[in-house]
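# Observations on the model geometry
Single-letter residue listing:
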2 protein chains.
Amino acid sequence: MKYRNLGLKLTPQRLAILEYLEGNTSHPSAEDIYRKVHNEFPTMSLATVYSTLSALKVKGNVLELTVDPDKKRYDPNTNMHNHLICIQCKTIIDIPGAGSVALPEDLGQDFAVFKSHVEFYGLCPSCKKKAKAKEEDSHVR
Amino acid sequence: MKYRNLGLKLTPQRLAILEYLEGNTSHPSAEDIYRKVHNEFPTMSLATVYSTLSALKVKGNVLELTVDPDKKRYDPNTNMHNHLICIQCKTIIDIPGAGSVALPEDLGQDFAVFKSHVEFYGLCPSCKKKAKAKEEDSHVR
DNA sequence: ATTAATGCAAACACTTTGCAATGGA
DNA sequence: TCCATTGCAAAGTGTTTGCATTAAT
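We now turn to the structure provided with this report. (Residues numbered from 1 in each chain as written. Chains lettered and ligands numbered in written order. Predicted model: local features only at pLDDT ≥ 70, side-chain atom pairs only at ≥ 80, totals over all residues. Heavy atoms only, no water.)

## Some thoughts on the packing of aromatic side chains
The full count for this structure, using the stated rule, is zero aromatic pairs over all chains. Positioned above the aromatic ring of B:Tyr121, the side-chain terminus of A:Lys115 is 5.6 Å from the ring centre. (Phe/Tyr/Trp six-rings, centres within 6.5 Å; stacked < 30°, edge-to-face > 60°. Lys NZ or Arg CZ within 6 Å of the ring centre and 35° of its normal.)

Here it is, written out as structure tokens:
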């Protein structure tokens, strides 16, 4: 099975969390994960979610995002990518972008940069469409 | 006086906070601000710090940063700039960078981007120097 | 005189911890 | 069997809120 080599004991709880996370691009919080997995697994506790996330983070199988001012979000996509935060609906959307952004030239010597992460603040496709429709509507009136 | 046009009542507490923030590049947390200002102003309460920060944020005089996983940090520099988080000493350092980073070309139509913020993860000048010294030391041994 | 701001304490939200019981390896 | 993991509850942070008092305008 695909999770065999994680170096973690594969409890049913962990499998349920891993399955929920697999390919998930919704950047769920611990609470989000708990709610979902709790359905199929009523005995699951929130502490277990936190402990599993912590273990996965250490193993490098999950990224802890600090894009939400209220709570940590988790991302099973550990490949380098960026995020757009929709200022309207607050959705967090993956934005491809492999290479690390470069520091301004004159600073390159002073710092060592290992990775970078870009937060775009704007409108997601859905909210952009709505805003455009609203704007056109106001022209007609 | 320079804070007259904020549209806020200028209480001594607020003046003390504004003065502490003026030109400050340390990205302090609410607690940091409280501790400092509490010295010269023993009656100052933490709730007042939070309420003042909230008012300043609304007025656009302070930025609330979400770069620290543990707490919010505040930045009186509201001009567009980026940040480097030193993975060694955890310091947050301003990195110039005016223009908004561009989205990947093929996504430009779907999204609307108003601003962007780059987080660089690496070593600050001081920690880079230390790391280099240590490395050279190990060559000699 | 009005009305917003203060300070305190209580409430809240998120996350971590201690520990006995459980169950993978 | 052994030791990591679970679930629960309690505790720990950071932040917000309610409210009577105070003070800026």
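Back to the text.
## What about the interface of chain B and chain A?
On the side of chain A, 35 residues touch chain B, which itself brings 35 residues to the contact. With both sides pooled, the region where chain B packs onto chain A buries about 2,800 Å², and carbon together with sulfur makes up 67% of that total. Taken together, chain B and chain A are joined by zero salt bridges. Linking chain B to chain A there are 11 residue pairs in polar contact (both at pLDDT 80 or more). Only strand S4 (92-95), strand S5 (112-123) and helix H4 (125-140) of chain B provide two or more residues apiece to the side of chain B that touches chain A. A per-element tally of the side of chain B that touches chain A places S5(B) first, with 12 residues. Each residue belonging to the side of chain B that touches chain A can be placed in one class, and the counts come to 22 nonpolar, six polar and seven charged. As defined by bridge partners, strand S5 (residues 112-123) of chain A adjoins S5(B) across 11 bridges and the pair is classed as antiparallel. Within S5(B), the residue paired with A:Lys115 across the bridge is B:Tyr121. (Contact = heavy atoms within 4.5 Å. Buried area = accessible area lost by both parts, 1.4 Å probe. Salt bridge = Lys/Arg side-chain N within 4 Å of Asp/Glu carboxyl O. Polar contact = N/O pair within 3.5 Å; in protein donor to acceptor, adjacent residues only side chain to side chain. Helix = DSSP H or I, 4+ residues; strand = E, 2+ residues; numbered from the N terminus. Nonpolar A, V, L, I, M, F, W, Y, C, P; charged D, E, K, R; others polar. Pairing = 2+ DSSP bridges.)

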